[in-house]
Amino acid sequence: MPNIPWLKEGSIKWFSNLRGGFKFTYDNVGIVQMTFLRLMHAEARQNFTYTCINSVGWYNLENYSHGLSISIMGSNEQAFGSESNQPTVIYDGCRSRHSYSKTVLEVVTSKLHQLPLVDFLPQDYGLPNQAFGFELGPVCFT
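All of the points below concern the structure found in this document.

What counts, and at which threshold
- Residues numbered from 1 in each chain as written.
- Predicted model: local features only at pLDDT ≥ 70, side-chain atom pairs only at ≥ 80, totals over all residues.
- Heavy atoms only, no water.
- Pairing = 2+ DSSP bridges.
- Helix = DSSP H or I, 4+ residues; strand = E, 2+ residues; numbered from the N terminus.
- Core = buried A, V, L, I, M, F, W, Y, C linked by side-chain atoms within 4.5 Å.
- Buried < 20%, exposed > 50% of the residue type's maximum accessible area, 1.4 Å probe, protein only.
- Contact = heavy atoms within 4.5 Å.
- Disulfide = S-S within 2.5 Å.

Brief notes about the sheet that holds strand S6 (residues 117-121)
So, point 1. The 3 strands lie next to each other as S3-S2-S6, forming an open sheet whose pairing is antiparallel. Strand pairing shows two members of the sheet lacking a second neighbour, strand S3 (79-80) and S6, which therefore form its edges.
So, point 2. Pairing analysis gives 4 bridges linking strand S2 (residues 71-74) to S6, with the strands arranged antiparallel. Within S6, the residue paired with glycine 74 across the bridge is leucine 117.

This is how it looks when you write it as structure tokens:
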């Protein structure tokens, strides 16, 4: 999804609840195939890349906090965020709020029903000159 200057209407909303937003789907993998993959493996991982223009992805250098960090939702509706179920931060280029960059998060779990990722909660958007986009990596079972 390319960087788009999303409007903030009211309270903070999951991406799927934004006007023009959607839940992530995996139509090329059937439910039987996904069930089989979960049964045959012990761990799964998936990357989520938040692309930003003047927007915080994970850590906010301006106020030294995670107050504007994104959260990502697994397929069992459990959230991964800065307060609980923290994903691994691979790269956090969106921390300065004054650039075009990206933040890459990796979810690694032995609770295989948590993946694939289905939604995310952006928080730092809606101001002039702000935009965000995202990329989903494949789910890898090991």
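Now that the structure has been shown, we can carry on.
Some words on the nonpolar core
So, point 1. Residues Phe15, Phe48, Tyr50, Ile72, Leu117, Phe120 and Phe132 are the most contacted members of the largest nonpolar core, which totals 26 residues.
So, point 2. Where this core is concerned, the elements lending two or more residues are strand S1 (44-53), strand S5 (100-109), S6 and strand S7 (131-136).
So, point 3. A per-element tally of this core places S1 first, with 4 residues.
So, point 4. If sequence neighbours within four positions are ignored, phenylalanine 132 has contacts with Pro2, Asn3, Ile4, Trp6, Phe15, Leu18, Tyr50, Thr51, Cys52, Phe120, Pro122 and Tyr125.

Remarks on the state of the cysteines
Think of a disulfide as a covalent bridge from one cysteine sulfur atom to another cysteine sulfur atom.
So, point 1. Taken as a whole, this structure holds 1 disulfide when the rule is applied.
So, point 2. Between the sulfur atoms of cysteine 52 and its disulfide partner cysteine 94 the distance amounts to 2.0 Å. What sets the handedness of the cysteine 52 and cysteine 94 disulfide is the S-S torsion sign, and at about -100 degrees it is left-handed. With cysteine 52 in strand S1 and cysteine 94 in the loop between strand S4 (88-92) and S5, this pair connects stretches of sequence that are 42 residues apart.

Topic: unusual backbone geometry
So, point 1. Of note, the amide linkage connecting leucine 115 to proline 116 takes the cis form, showing an omega dihedral of 10 degrees.
So, point 2. Tracing the backbone through its elements, the reader meets proline 116 in the loop between S5 and S6.
So, point 3. The phi dihedral of asparagine 85 is positive, around 50 degrees, even though this residue is not glycine.
So, point 4. With respect to the element layout, asparagine 85 can be found in the loop between S3 and S4.
So, point 5. Looking at asparagine 85, the relative accessible area reads 33%, which means it is partly exposed.
So, point 6. Its identity as a non-glycine residue notwithstanding, arginine 97 has a phi of 65 degrees, on the positive side.
So, point 7. Summarising the element assignment, arginine 97 is placed in the loop between S4 and S5.

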